[in-house]
Amino acid sequence: MIDMFRVGVITQPHGVRGEMKVFPTTDDPRRFEDLDTVILDTGKEKRNLTIQSVKYQKNLVILKCKEVNDRNEVELLRKAELYVTRDQAVELEEGEYFIADLLGCKVVSDAGEDLGVLDDVLQTGANDVYSVKKKGEKELLIPVIPQCVLNVDIEKKEILVHLLEGLRD
């Protein structure tokens, strides 16, 4: 299982005192209010940042962290990613899963057919869609609805599905 989850990407500075605009990659951008720290990944190093304040501007989160104190520092952090550890992640409801835990799961049909491996989860708004890939075959898209996704077993890394008529066309 993945130990860290990405919650945002730094886009640019906000002002001159080290505030940074962050594009949230989490379902709930307001979750930053509940965090004390985030893990900054620059691609070269990882370090903890202590959150001092959180504001919002349109679809962005504006963070001020104790360790970053001027605009120039933020400029150097453009495109750096912010992560939280699994124990900081939001609590999931029954039947909810982290996408990171689903990726790589074997997908099998209720008829016993090996359909491939879950490669991506497309978030369409109405419902998610599983993208299943099998070597030498066309991508299979399966809507995440109760009629199609019958069981998800994260421990076994296996997803049981029912293919509705027309899904293979």
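Now for a description of the structure that goes with this document. Keep in mind that this is a model prediction, so the values were computed, not measured. Throughout, a residue's number is its position along its own chain's written sequence, starting from 1. The model is predicted, so local features are restricted to residues of pLDDT at least 70 and side-chain atom pairs to those at 80 or more, both for listing and for counting; the totals for chains, interfaces and linings are taken over all residues. As a rule here, side-chain values cover all heavy atoms of the structure and leave hydrogens and water aside.

1. Some thoughts on the pairing of strand 2 (residues 19-24)
Accessibility here uses a 1.4 Å probe with only protein chains present; expressed as a share of the type maximum, an area under 20% marks a residue as buried, one over 50% as exposed, and anything in between as partly exposed. Numbered from the N terminus, helices here are DSSP runs of H or I no shorter than four residues, and strands are runs of E no shorter than two. In terms of burial, strand 2 is largely enclosed, as 5 of its 6 residues are buried. Across 6 bridges, the pairing between strand 1 (residues 4-14) and strand 2 is antiparallel. Residue pairing across strands places Q12 opposite K21, the latter belonging to strand 2. One requirement defines pairing of two strands: DSSP has to find at least two bridges between them.

2. Some remarks on the packing of aromatic side chains
Classification of ring pairs uses Phe, Tyr and Trp, with its six-membered ring standing for Trp, and accepts pairs whose centres are within 6.5 Å; under 30 degrees between planes counts as stacked, over 60 as edge-to-face, and the remaining range as tilted. The tally for this structure, following the rule as stated, stands at 1 aromatic pair. Residue placement shows R30 over the ring face of Y56; its charged tip is 4.1 Å from the ring centre. For a Lys NZ or an Arg CZ to count as sitting over a ring, it must be within 6 Å of the ring centre and within 35 degrees of the ring normal.

3. Here we look at a negative patch on the surface
Residues D27, D28, D34, E91, E93 and E96 make up a contiguous surface patch of negative charge. Position of E93 relative to the elements: it lies in the loop between strand 6 (81-85) and helix 2 (99-102). The exposure class of E93 is exposed, given its relative accessible area of 56%. Only residues whose relative accessible area exceeds 30% and that form no salt bridge are eligible for patches; like-charged ones are grouped when within 9 Å, while nonpolar side chains (Val, Leu, Ile, Met, Phe, Trp, Tyr) are grouped when within 5 Å. To be clear on the numbers: accessible area is Shrake-Rupley with a 1.4 Å probe, and residue cover counts the displayed protein chains and nothing else. A carboxyl oxygen of Asp or Glu within 4 Å of a side-chain nitrogen of Lys or Arg is what we treat as a salt bridge. Working convention for charge: Lys and Arg count positive, Asp and Glu count negative, and His plus the chain ends are omitted. Charged side chains are reduced to one point each, which is NZ for Lys, CZ for Arg, CG for Asp and CD for Glu.

4. Observations concerning the sheet that holds strand 1
The strand order 1-2-5-4-3-6 describes a closed barrel built from 6 strands, whose pairing is antiparallel. With direction set aside, neighbouring strand axes in the sheet form an average angle of 50 degrees. Axes here mean lines fitted to C-alpha atoms, for a helix over just the part in contact, with angles spanning 0 to 180 degrees between N-to-C directions.

5. Quick notes on the environment of V74
On the secondary structure map, V74 appears in helix 1 (residues 71-76). C-alpha separation for the pair V74 and M20, spaced 54 residues apart in sequence, amounts to 6.3 Å. In this view, V74 contacts I10, Q12, P13, G18, E19, M20 and V68; residues no more than four positions away in its chain are not counted. Throughout, a residue-residue contact means that at least one pair of heavy atoms, one from each residue, lies within 4.5 Å.

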